[in-house]
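Here are the chains, one letter per residue:
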Amino acid sequence: QSFRKCLPCHAVGPDARNKIGPILNGIDGRKTGTTEYNYTEANKKAEIVFGEATFKDYIQNPMQKIPGTKMAFAGIKNETEIAALWAYLKQFKADGSK
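These lines cover the structure that appears in this document, whether it is placed above or below. Sequence order sets the numbering: in each chain, residues are counted from 1 along the sequence as written. Only residues with pLDDT of at least 70 get local features here, since the model is predicted, and only at 80 or more are side-chain atom pairs given and counted; chain-wide, interface and lining totals rely on the full set of residues. The side-chain figures draw on all heavy atoms in the structure; neither hydrogens nor water molecules are used.

### A short note on the side chain of Asn43
Here comes step 1: For helices the rule is a DSSP run of H or I covering at least 4 residues; for strands it is a run of E covering at least 2, with both sets numbered from the N terminus onward. Within the secondary structure layout, Asn43 lies in helix H1 (residues 41-45).
Here comes step 2: With a 1.4 Å probe rolled over the protein chains alone, any residue whose accessible area is under 20% of its type maximum counts as buried; one over 50% counts as exposed, and the rest are partly exposed. We classify Asn43 as buried; its relative accessible area is 6%.
Here comes step 3: In the analysis that follows, any N or O atom pair within 3.5 Å is treated as a polar contact, provided that within protein one partner can donate a hydrogen and the other can accept it, and provided that, for residues neighboring in sequence, both atoms belong to side chains. At 3.2 Å, the side chain of Asn43 and the side chain of Thr32 are in polar contact.

So this is what it looks like as structure tokens:
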């Protein structure tokens, strides 16, 4: 349910393709700006490796965490929703399988 907020820009799963934003398969343990996508220099240079804690911090205000990112998203503030979103995303491996 929470991922519906992400769907306009992101995809997950075996058939996922980049949209306005990159696919989110394999996000657990992935450094920002490292998948095949046209990232800003800010994303490429950011020293963020996504895990539960870093994702929860980042998703609350992406533009504050990476000034210069293309991710124009106000963020998610509700901790329960953030936890549910992370639980959903981390189940997808880099190839999109669960």
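Here the narrative resumes.
### So, the environment of Lys90
Here comes step 1: By secondary structure assignment, the location of Lys90 is in helix H4 (residues 79-90).
Here comes step 2: Using a relative accessible area of 42% as the deciding quantity, one classes Lys90 as partly exposed.
Here comes step 3: In this structure, the C-alpha to C-alpha distance between Lys90 and Tyr39, residues 51 residues apart in sequence, is 21 Å.

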